[in-house]
Amino acid sequence: MLGKTAGGLFWMFRYLERAENTARMIDAGLRISLTRSSAAESEWTSILSSTGLSAAYSEIHGAPDGPKVIDFLLRDPNNPGSIMAGIEAARMNARVVRTALTREVWEAVNECYMVLKRLLAQQVQDRDLPRVLQVIRQRSAFVRGALHGTMVRNHIYNFARIGTFFERADNTARILDQKYYILLPSVRLVGSPSDNVQWDTILRATSTTRAYQTLHDGEVDPKAIAKFLILDGRLPRSLAFCYGKIGDNLGYLEQEYATRHTCQSLADALCSKFKAHDMNAIFDYGLHEFITDFLRDSAALGRQIEIDYRFIE
Amino acid sequence: MKPANCVVFVATLRGICRLKVMSGRPTYFDEMFGHGTAARAPYADYSKWFADEDTARLLSKSEEAEALFRLIGVTFNVYGDPDATERLIPFDLVPRIIAAREWAKVAKGIEQRVRALNAFLHDIYHRQEIVRAGRLPAEMIARNDAFLPEMIGVSPPGDIYTHIVGTDLVRTGDDEFFVLEDNARTPSGVSYMLENRETMLHMFPELFSKIKVQSVGQYPRSLRKSLSACAPDACNGRPTIAVLTPGIHNSAYYEHAFLADQMSAELVEGHDLRVVDGRVAMRTTRGYKPIDVLYRRVDDEYLDPMNFNPDSVLGVPGIMDVYRAGGITIANAPGTGIADDKAIYSYMPDIVEFYTGEKAILQNVPTHRCSEPQALKYVLDNLADLVVKEVHGSGGYGMLVGPAASKKEIEDFRAKLEAAPGNYIAQPTLALSTVPILTDAGLAPRHVDLRPFVLVSPDRIDITPGGLTRVALTEGSLVVNSSQGGGTKDTWVLEE
């Protein structure tokens, strides 16, 4: 496979995952602004920070304002990080790697693009917003489904999966990075209702509310939430799960290519942090520091994958 | 000449027929109805089927086809149009039908012509016997931009120059086919031929069980086989094939990706390639891997910045040196443009005869070379009746269609022609055949041409039955190019 193709697959699935995650975050923000309007502005601020788009937003619009933030994140042509831009970039990459994809996967991503291009042609009305957000998640899921159902399990599939989990872990970590302070053990003592909402937002932004409640008998506890999103190998959006998958897929590549690369050592080092399964150790080290380290190390891993598999010259 | 514009089709028990032509003007040969009113033999079964169909249902099928093309992504890019960078080529769902017997003669003529083209290219880049024999003026070669001095003395693997040819044909009567152009560089459109058939099979399966149509689906496999048969000596084992595309912004990108996908070849761009140890190699996830056969969809000029256009970023520096040393097969070979040049075209009957010893089976359109004073005078005196083309132009740009042009357009063109007569050739306007298309008001005749696709390898010449039918969707228009409002049709060659 061409190095360019591997890179195109990796990025195609990163962009799709990112768009889907941004939709989840808008959903969580919308929920807060509907139920607790006083907390809305700070919530939009934190969502913009999670997506890394605060500066770009404030340059154009100034202070965070719900409808403006939503439009900015969904479709603003001036925002290269919008969901629409992400879907366009995913499709562009799909066109570049067209020969590596099955017709089903290509058609799913092309249709995702065509549907959203139409839905996001103008600013979305409030009443349409929940449906539009649902369509975005659904269309992204269709692509994933086509990938699962039709693609041969070989290096092509592996690069697509590495892109997906790399981006997903990154998104989960960025949400935690914004919210770490409400997950610290000391916060538990405060126990104000506002914190409950914040915790709820974290779960909502990662679409894990139901999963968390099922596994924790409905008990909402910040330490358990942190553990759930970082260490719980059962949750497909947790850092431990994503890195387990990245490790697996790099392992399959090692088998197929009969070559072990530097990036695998970096991924192993990250995985071993989660295998410790000890939330207390993470709190002792500092949740914020742990997340900051993770974001730094995962960025380094991304660069190393690019070099090892010759995405670019 | 103007087309008859008031043709009425009616359904009868036996099928549909043309009621009458309500115009006194000369009519064109219609491939469905000839000059008469009843469907010609090749269309008999289709016509019966059509008569039972509801036009509204067919029109909704048209929309279905368009949605399908959009989903699959069968699009082409329009240069300089930021609002519609990806467009569909309109597809008309009335097939063009050719009888087996008609096709056999056309195929024989194409094969003869393609053999002659390859022999001509070999000769032109070696001893130039045809010039020595006085059958072709030396300046036609020496002063021709399409002649590539870098190819002198180079013998490509298997001595094949034009691996893929698209011979443009037009029809004027029952048994009258003319060659309009020999596309011997990088002919495009084959993906449309294949997708059109897929779409028809998807939309009208019942038609294909009633009417036996020769298959076109084997083309990608044949292409792979044909290219593999031309692998260079440097190749070990199964040849590695790659398709070189200028990239996703190229107007034919869809086709490049489609062909690479269909023949399981890599789709590469210039920046994926470099010369490594005397071979052209592509950057894979496992390092550089040599390519044996490069099906390039990049023009000669951009192929090698070290040998040709130094500003090109689409090509591979040094690929010509590897090629000359036998390290890679480039399909089509560099320098094949000399064979489909519009100035050379007028010599094709001589070229065919010179290399095959036979008269050309397919006729050329009579061509006036404006470089010759007598011909120029004739052309200037008859501009309103002629089609004047730029020798090096393509895509239907820079041409004058006399009968359709205004007085001012003709005068403007006259000035251009007088300024540089050598740049132009002129041809009479042929009474191009029509095939009906489906419109809101039912069937309506439109002019068509045909591009059959030919694969050439050392041991065989493979001609896909049919090819790409392009249709001028505007009533009376003779310009079928997709960049100027042309559409396409599925082309059926019936089984014996």
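Look up a bit, the structure's there.
Residue numbers restart at each chain and count upward from 1, following the sequence in its written direction. Chain labels run from A onward and ligand labels from 1 onward, assigned in the order the entries are written. Where local features are concerned, this predicted model is filtered to residues with pLDDT of at least 70; where side-chain atom pairs are given and counted, the filter is 80 or more; whole-chain, interface and lining totals use all residues. Side-chain metrics rest on all non-hydrogen atoms present in the structure, leaving aside hydrogens and water.

J.: Is there a simple way to think about the overall build of chain B in this case?
T.: If you tally the helices and strands in chain B, you get 16 helices and 25 strands. The C-alpha radius of gyration of chain B comes to 23 Å, within 12% of the 23 Å expected for a compact globule of 496 residues. Categorising residues by exposure relies on relative accessible area from a 1.4 Å probe, with only protein chains included: less than 20% of the type maximum marks a residue as buried, more than 50% marks it as exposed, and the intermediate range marks it as partly exposed. Burial analysis of chain B (496 residues in total) assigns 58% to the buried set. Whether two residues touch is decided by their heavy atoms; if any such pair falls within 4.5 Å, the residues are in contact. Taking contacts inside chain B between residues at least 6 apart in sequence as the whole, the part at least 24 apart equals 66%. Of the accessible surface of chain B, which amounts to about 20,300 Å², a share of 50% is contributed by carbon and sulfur atoms. Each helix is a run of DSSP H or I of at least 4 residues and each strand a run of E of at least 2, with the numbering of both proceeding from the N terminus. In this setup the radius of gyration rests on C-alpha atoms only. A globule is expected at 2.2 Å times the number of residues raised to 0.38. Per-residue accessibility takes into account occlusion by the displayed protein chains alone, with areas from the Shrake-Rupley method and a 1.4 Å probe.

J.: Which parts of the structure should I look at to understand the pairing of strand β12 (residues 287-290) of chain B?
T.: Consecutive residues of a regular strand have side chains that alternate between opposite faces of the sheet. Residue and element names in this part refer to chain B. Sheet topology places strand β11 (residues 279-284) next to β12; four bridges connect them, and they run antiparallel. Across the sheet, residue Met282 finds its bridge partner in β12, namely Lys289. If you look at the hairpin formed by β11 and β12, you'll find two residues sitting between the two strands. Two strands qualify as a pair provided DSSP detects at least 2 bridges between them.

J.: I tried to follow the packing of helix α8 (residues 155-183) of chain A against helix α13 (residues 239-257) of chain A on my own but got confused; where do I start?
T.: If you want to describe how two helices pack, look at the angle between their axes and the distance between the axes. Residues and elements named next belong to chain A. α13 packs onto α8 with a crossing angle of 155° between their chain directions and a minimal axis gap of 9 Å. The angle between the axes of α8 and α13 places the two elements in the roughly antiparallel class. With respect to the hand of their crossing, α8 and α13 are arranged in left-handed fashion. Along its contact with α8, which presents His155, Asn158, Phe159, Arg161, Ile162, Phe165, Phe166, Arg168, Ala169, Thr172 and Ala173, the element α13 presents Leu239, Phe241, Cys242, Tyr243, Lys245, Ile246, Asn249, Leu250, Tyr252, Leu253, Glu256 and Tyr257. In this description, a line fitted to the C-alpha atoms serves as the axis of each element, helices being fitted only across the stretch in contact, and the angle between N-to-C directions of two axes falls anywhere from 0 to 180 degrees. Any angle from 65 to 115 degrees is called roughly perpendicular, while one under 35 is roughly parallel, one over 145 is roughly antiparallel, and all others are oblique. The handedness criterion is simple: a crossing whose near helix is rotated anticlockwise from the far helix by less than a right angle is left-handed, and one whose near helix is rotated clockwise is right-handed.

J.: Explain the pattern of salt bridges here, please?
T.: Two side chains bearing opposite charge may form a pair once their charged atoms approach each other closely. We define a salt bridge as a contact between a side-chain nitrogen of Lys or Arg and a carboxyl oxygen of Asp or Glu at a distance within 4 Å. Applying the stated criterion across every chain yields a total of 52 salt bridges over all chains. Here Arg296 of chain A and Asp293 of chain A are joined by a salt bridge, their closest N and O atoms 3.5 Å apart. In this pair, Arg296 of chain A and Asp293 of chain A are both assigned in helix α16 (residues 287-308), three residues apart and thus about one turn of the helix distant. On the accessibility criterion, Asp293 of chain A (12% relative accessible area) is buried. Across the salt bridge formed by Arg297 of chain B and Glu255 of chain B, the nearest N and O atoms sit 3.0 Å from each other. Taken together, the residues span a long stretch of sequence, with Arg297 of chain B in the loop between β13 (293-296) and α10 (300-303) and Glu255 of chain B in helix α9 (residues 253-262) at a distance of 42 residues.

J.: Honestly, the state of the cysteines in this entry has me stumped. Any pointers?
T.: A disulfide bridge is the covalent bond that connects two cysteines by way of their sulfur atoms. Residue and element names in this part refer to chain A. Disulfide assignment relies on a single distance test, namely cysteine sulfur atoms paired within 2.5 Å. Per the stated rule, a full pass over the model turns up zero disulfides over all chains. This cysteine, Cys263, is not joined by any disulfide, and Cys271 carries the nearest cysteine sulfur, 12 Å off. Looking at Cys271, the relative accessible area reads 10%, which means it is buried.

J.: I would appreciate a short explanation of helix α6 (residues 103-119) of chain A in the present structure.
T.: One turn of an α-helix holds 3.6 residues; hence residues three or four places apart share an orientation. Helix span is expected to be 1.5 Å times the residue number reduced by one. In this model α6 of chain A runs 24 Å from its N-terminal to its C-terminal C-alpha over 17 residues, within 8% of the 24 Å that 1.5 Å per residue would give. Among all positions of α6 of chain A, only Val105, Trp106, Glu107, Ala108, Val109, Asn110, Cys112, Tyr113, Val115 and Leu116 of chain A are buried. Looking at the buried side of α6 of chain A, the elements it contacts are α1 (3-35), α5 (83-96) and α7 (129-150) of chain A together with α2 (55-72) of chain B.

J.: How should the interface of chain A and chain B be read in this particular structure?
T.: A common way to state how big an interface is: give the accessible area lost once the parts meet. Contact residues are listed per partner, giving 27 residues for chain A and 28 residues for chain B. Joining two parts hides part of their accessible area as seen by a 1.4 Å probe, and the buried area is that hidden amount summed over both. Both sides of the chain A and chain B interface together cover about 2,400 Å² of buried area, and 47% of this is carbon and sulfur. When the buried area of chain A at its contact with chain B is split by residue, Leu2, Arg95 and Thr99 of chain A rank highest and sum to 28% of it. The tally of links from chain A across to chain B stands at four salt bridges.

J.: I'm lost on the layout of surface pockets in this one. Help?
T.: Gaps left between atoms show up when a probe the size of a water molecule is rolled over them. In this analysis the probe radius is 1.4 Å and the grid spacing 1 Å, with only protein atoms considered; a cavity is a set of points the probe fits into but cannot get out of, a pocket is an open set with protein on both sides within 12 Å along at least five of seven lines, and lining residues have an atom within 4 Å of a point. Grid points are joined across faces, edges and corners, and a volume is the space filled by probe spheres set on the points. When its volume is computed, the second largest pocket comes out at roughly 940 Å³. Along the wall of the second largest pocket there are 44 residues; nearest its centre are Thr99 of chain A together with Ala260, Asp261, Ser264 and Ala265 of chain B. Going through the elements one at a time, α8 of chain A together with α6 (190-203), α8 (219-228), α9 and β11 of chain B are the ones with two or more residues in the lining of the second largest pocket. A total of six residues in the lining of the second largest pocket trace back to one element, the largest contributor, which is α9 of chain B. The nonpolar class holds Ala, Val, Leu, Ile, Met, Phe, Trp, Tyr, Cys and Pro. Asp, Glu, Lys and Arg form the charged class, and all remaining residues, Gly among them, are polar. Class assignment for the residues of the lining of the second largest pocket results in 21 nonpolar, twelve polar and eleven charged.

J.: I would appreciate a short explanation of the packing of aromatic side chains in the present structure.
T.: Aromatic ring pairs: the centre-centre distance and the angle between the two ring planes describe each pair. Ring pairs shown here join Phe, Tyr and Trp side chains whose ring centres sit within 6.5 Å, with only the six-membered ring taken for Trp; geometry is labelled stacked below 30 degrees between planes, edge-to-face above 60, and tilted in between. The full count for this structure, using the stated rule, is 27 aromatic pairs over all chains. With centroids separated by 5.3 Å and ring planes inclined at 85°, the aromatic side chains of Tyr243 of chain A and Phe294 of chain A adopt a geometry described as edge-to-face. Pair noted here: Tyr243 of chain A is in helix α13 and Phe294 of chain A is in helix α16, with a separation of 51 residues, a long-range link. The exposure class of Phe294 of chain A is buried, given its relative accessible area of 1%. Every member of this aromatic cluster is reached through a ring pair, and the members are Phe10, Trp11, Tyr15, Phe159, Phe166, Tyr257, Tyr309 and Phe311 of chain A. Stacked on the ring of Tyr113 of chain A, the Lys or Arg Arg91 of chain A has its end atom at 4.3 Å from the ring centre. The residue whose ring lies beneath Arg369 of chain B is Tyr347 of chain B, and the NZ or CZ to ring-centre distance is 3.6 Å. To sit over a ring, a charge needs its Lys NZ or Arg CZ within 6 Å of the ring centre and within 35 degrees of the ring normal.

J.: In this structure, what is going on with unusual backbone geometry? I would like to understand it.
T.: Cis geometry marks the peptide bond from Ala331 of chain B to Asn332 of chain B, where omega comes out at -10°. Position of Asn332 of chain B among the secondary structure elements: in the loop between β14 (329-331) and α12 (337-340). If you check the backbone angles, Ser207 of chain A has positive phi at about 55° while not being a glycine. Mapping Ser207 of chain A onto the fold places it in the loop between α10 (193-205) and α11 (209-215). In this structure Ser207 of chain A comes out as partly exposed when scored by relative accessible area, which is 39%.

Read these as geometric descriptors, not functional statements.
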